[in-house]
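Coordinates in review
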Amino acid sequence: MHPTRLTAAVAALALSASLATALASTASAAPQAQPVPPGHGRSLALAAADSAAASGLDELRHGADEDLVRTSVTPWANGLYYAAYQRTYRGLPVHGGGDAVVLTDSSGKVRDVTGAPAPAIKVATSAKVTAERALATARGQLAAVESASAPELTVLLKGGKPVLAWHTLVVGTTAADLPSSLDTYVDARTGKVAQATDKVRHAEGRGYHNGNVTIDTAASSMTDTSRGGFKCGGQNGSAYTGSSPWGNGGANDLVTACVDIMYAAQRESDMLKEWFGYNGINGQGGMVPARAGLTQVNAYYDGTKTTYGRNQNGTNQLTGIDVVAHEYGHEIFDRTPGSAGSSNENGGMNESTGDIFGALTEHYANNPNDTPDYTVGEELNFTGNNQPIRNMYNPSLINNDPNCYTQLSSGTEVHAAAGPQNHWFYLLAEGSNPGGGKPSSPICSGGPSSVTGIGIQKAGKIFMGALLLKTSSWNHPAARRATLTTAKNTYGATECNAVKAAWNAIGVPAQSGETDCGGTSTPDFSLSLNPSSGSAEPDTQVTATVSTSTTGGAAQTVQLSASGAPSGVTVSFSPASVTSGNSATMTVKVAAGTPNGTYPITVTGTGSATHTVTYQLTVGSTTPPTGCDSTEYTYRGTLASGQAAAQPDGSYYYSASAGTHVGCLRGPAGTDFDLYLQKWNGAAWADVAVGGTAGADEDTSYYGTAGYYRYVVHAYSGSGAYTLGLSAP
């Protein structure tokens, strides 16, 4: 046993990550008198999200060889949590579709689900092309390569078909000496490039100096340790060194340019935290580094950095507030769920996101040298006519860019395609006739007679929340649905109806399943399974509980049915219909002779709406961890030497009765992994059982009273993947 090392390792363990799906129902049943560990609401929210993902609720459906792996969690206002999921196929990440986001609350209720469509995946997972060969092919796309990530074997969904591919990001310059950052997939069977999307997002800048400002730097370098090591320097990637005061105020002095960059980026990061409660540009308190001094008329984000050049006449650097905030707006779009897509519509919404965050940052900074507005690059004089590059309140005033969603086509250039969403944001923030010297904004054909704005701070928070529901299939209809969900759950009916009016005003029509701004007037229900999977030998049966609840309007009758069962398997419900709020028992009978295998069965509830969940039936035996035949649940993870992790899934579980808790840890060969069972005593976690031998495998058994428990796996020495089997009363 190694208590000293364990104490240090677990000190930072979060107590509020998700409850294990298999134990979620018992956690919600905890008696009121039971002392609740910290983060209980978060755990209930994430348990509900994980349960929805596991059961394949509605847009979360997935096949037998597929899983939805939670990749991020973002807390929001009113006890809400956005949980993002990536689809995997036989352990390989799936790109190009199938990703999803679940919005839940602290009571364990699912508020909304968004998912990118994905076909059923069936593809061989053995690569014929080596990673080295794939990387050479990817690098060969550019004339000069600055960096390239290690190839990762993935499943790419291209044109509705799965392709086994090596994924890498190659950063450098083209033969024309233009910056490029190619998100590349090389077919793992043929060795040819299956898909390559340039992540470089170009934008036009404006002024060079924001006056005398305060920025956060280290004493002797332009590095901001309070924002994840954010730094600014020249084209070699190193931060400029020196001391305060930084720069000389010169139009083309590059240290001065970095002052402007750091000022704008830091104000944008502060705005996200103070106005929206979001943790900085990348959601983790940091942002990519910045480089000044590009000898081109350009500014761009490439996934690894932002880079800033000069204006058309070479009279100043492109480091105005809206330009810098625009580029870091691309990072926000890239780092939120769904990342950045490859279509022109998605690209236009990415450009619009940059413009929106530029306007938001200008309003937050409220710098007298760059008064807040809704135009882009208005002080740049990019083309010599002293006009802005884009106009948010009336996009058509610049290059006849489209004002309305109906004017977009697949060939609309991405900067022009920013017009409709920019127009929507202005209408939501300020309205069609705001007064007070602010410009009026036109309404597209078929829209409302007028739109009343709700203010830029509320509009920005709704937009930021919607980005947290983004998937890889993001488009204007999806944004309409996501912003309505966020507005209703963050604020209420008034703001939700304003969002709806703004989308109607630019011609984005109502979407099936979108949030009802009026509240509970639209009848609806939810559907869930417990458990969401089961195993049965031939000539036996297994049962599960189908639960429903009323989520809108009055209780209603829900008809239950099942589809997708293999030959030899029958599914019945008792009763066959329930009033929402009640449950039924699903019985799955497996006939003799049914082949072994795993089969997804779709359970459908039909009422005023239709909802589905997926039950994974395994026919035949399953294999628990070696030597852990008696355990009920299995969890896996990977630890570096000295690290520790809480299980189940970074959290804890509730045992409603006294009984025996069995833990069975199997670590990587040649390591020393320890296992600790801990119980919450009302103030802290206390060890109640320890497996601390000098080997990789540990077993514990503990008889305890009702309460909250968790296991802690500690890599005392050595690194690698482990498997934990556990059983609880």
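In this report, we go over the structure that sits alongside the text. (Residues numbered from 1 in each chain as written. Predicted model: local features only at pLDDT ≥ 70, side-chain atom pairs only at ≥ 80, totals over all residues. Heavy atoms only, no water.)

Things to note about the packing of helix α5 (residues 254–276) against helix α6 (residues 321–335)
Quick note on the threshold: Axis definition: a line fit to C-alpha positions, over the contact stretch in the case of helices; interaxial angles, taken between N-to-C directions, run 0 to 180 degrees. By the criteria applied, helices consist of DSSP H or I runs no shorter than four residues and strands consist of E runs no shorter than two, each listed in order from the N terminus. Roughly parallel here means an angle under 35 degrees, roughly antiparallel means over 145, roughly perpendicular means 65 to 115, and every remaining angle is called oblique. Here is the rule for handedness: rotate from the far helix to the near one, and if that takes an anticlockwise turn smaller than a right angle the crossing is left-handed, while a clockwise turn gives right-handed. The criterion used for residue contact is that any of the two residues' heavy atoms lie within 4.5 Å. Here the term charged refers only to Asp, Glu, Lys and Arg, the term nonpolar to Ala, Val, Leu, Ile, Met, Phe, Trp, Tyr, Cys and Pro, and the term polar to all other amino acids, Gly among them.
Taken N-terminus to C-terminus, the directions of α5 and α6 make an angle of 55°; their axes are 9 Å apart at the nearest point. In this view, α5 runs oblique relative to α6, as classed from their interaxial angle. Of the two possible hands of crossing, α5 and α6 adopt the one that is right-handed. Here Ile261, Tyr263, Ala264, Ala265, Glu268 and Leu272 of α5 lie close against α6, whose contacting residues are Ile321, Val324, Ala325, Tyr328, Gly329 and Ile332. Here the contact of α5 with α6 is composed, by residue class, of 10 nonpolar, 1 polar and 1 charged.

Some thoughts on the pairing of strand β7 (residues 152–158)
Walk down a regular strand and you will see the side chains alternate between the two sheet faces. Cut-off, in case you're wondering: Classification of residues uses two cut-offs on accessible area relative to the type maximum, computed with a 1.4 Å probe and protein chains only: under 20% is buried, over 50% is exposed, and between them is partly exposed. Strands qualify as paired when DSSP identifies two bridges or more between them.
Across the 7 residues that make up β7, a large majority, 5, are buried. Note: strand β3 (residues 92–95) against β7, 2 bridges, orientation parallel. If you follow valine 94 over to β7, its bridge partner there is valine 155. Counted between consecutive antiparallel strands, the loop separating β7 from strand β8 (residues 161–173) contains 2 residues, among which glycine 159 sits at a positive phi close to 60°.

What to know about the nonpolar core
Quick reminder of the rule: What makes a nonpolar core is a set of buried Ala, Val, Leu, Ile, Met, Phe, Trp, Tyr and Cys residues whose side-chain atoms join them at distances within 4.5 Å.
If you look at the biggest cluster of nonpolar residues, it comprises 82 residues, and the most contacted ones within it are Phe276, Tyr328, Phe357, Phe425 and Met464. With residues up to four places along the chain from it excluded, the contact list for phenylalanine 357 reads Glu268, Met271, Leu272, Phe276, Ala325, Gly329, Ile332, Phe463, Met464 and Leu467. Of all hydrophobic cores here, the second largest spans 37 residues; its members include Ala45, Ala544, Val590 and Val603.

Comments concerning the side chain of lysine 461
Note the following rule: Charged residues are defined here as Lys and Arg on the positive side and Asp and Glu on the negative side; His and the ends of the chain fall outside this count. Salt bridge, as used here: a side-chain nitrogen of Lys or Arg that lies within 4 Å of a carboxyl oxygen of Asp or Glu.
As for its placement among the helices and strands, lysine 461 is situated in helix α9 (residues 456–467). Although lysine 461 is buried, it makes no salt bridge; glutamate 495 carries the closest opposite charge, 11 Å away. Excluding anything up to four places from it in sequence, lysine 461 contacts Trp76, Ala77, Trp275, Phe276, Thr486, Thr490 and Tyr491.

Things to note about helix α3 (residues 40–55)
Note the cut-off: Here the expected length of a helix is defined as 1.5 Å per residue gap, with one fewer gap than residues.
Taking 1.5 Å per residue as the helical rise, α3 with its 16 residues ought to reach 22 Å, and the 22 Å between its terminal C-alpha atoms agrees with that figure. Buried residues dominate α3, accounting for 12 of its 16 residues. Among the residues of α3, His40, Ser43, Leu44, Ala45, Leu46, Ala47, Ala48, Ala49, Asp50, Ala52, Ala53 and Ser55 are the ones counted as buried. Backbone geometry just after α3 places glycine 56 at a positive phi near 70°.

Looking at empty space enclosed by the protein
Rules: Residues are said to line a cavity or pocket when one of their atoms sits within 4 Å of a point; the points come from a 1 Å grid over protein atoms alone, cavities being sets where a 1.4 Å probe fits but cannot get out and pockets being open sets with protein on both sides within 12 Å along at least five of seven lines. Grid points are joined across faces, edges and corners, and a volume is the space filled by probe spheres set on the points.
Counted according to the given criterion, the structure contains 3 cavities of 30 Å³ or more. Taken as a whole, the largest cavity spans an internal volume of roughly 50 Å³. Together, Asp322, His326, Gly354, Asp355, Gly358, Ala359, Glu362, Asp373, Tyr374, Thr375, Val376 and Met392 line the largest cavity. Contributions of two or more residues to the lining of the largest cavity are made by α6, α7 (344–365) and β17 (375–376). The element contributing the most residues to the lining of the largest cavity is α7, with 5 residues. Looking at the lining of the largest cavity residue by residue, the classes come out as 4 nonpolar, 4 polar and 4 charged.

Examining the packing of helix α8 (residues 419–430) against α9
Across the interface, α8 lies against α9 with an axial gap of 8 Å and an inter-helix angle of 135°. Here α8 lies oblique to α9, going by the angle between them. Two secondary-structure elements touch here, α8 through Gln421, Trp424, Phe425, Leu428 and Ala429 and α9 through Ile456, Ala459, Gly460 and Phe463. Split by residue class, the contact of α8 with α9 holds 7 nonpolar, 2 polar and no charged.

Notes on the sheet that holds strand β26 (residues 597–606)
Ordered in space as β20-β27-β26-β22-β24, the 5 strands form an open sheet in which the pairing is mixed. This sheet does not close on itself; its edge strands, each paired only once, are β20 (533–536) and β24 (577–579). Taken over all neighbouring pairs, the strand axes of this sheet differ in orientation by 30° on average, direction set aside. Where strand β22 (residues 557–563) lies against β26, 5 bridges are found, and the strand directions are antiparallel. When the bridges of β26 are listed, alanine 562 appears paired with valine 603.

Notes on the sheet that holds strand β21 (residues 540–552)
Spatially, the 4 strands line up as an open sheet ordered β19-β21-β25-β23, and their pairing is antiparallel. Of all the strands in the sheet, just β19 (524–530) and β23 (569–574) have a single pairing partner and so form its edges. Neighbour-to-neighbour, the strand axes of the sheet open up by a mean angle of 25°, direction not taken into account. Direction of pairing for β19 relative to β21: antiparallel, over a ladder of 7 bridges. In the sheet register, leucine 527 faces β21, and the bridge partner there is threonine 548.

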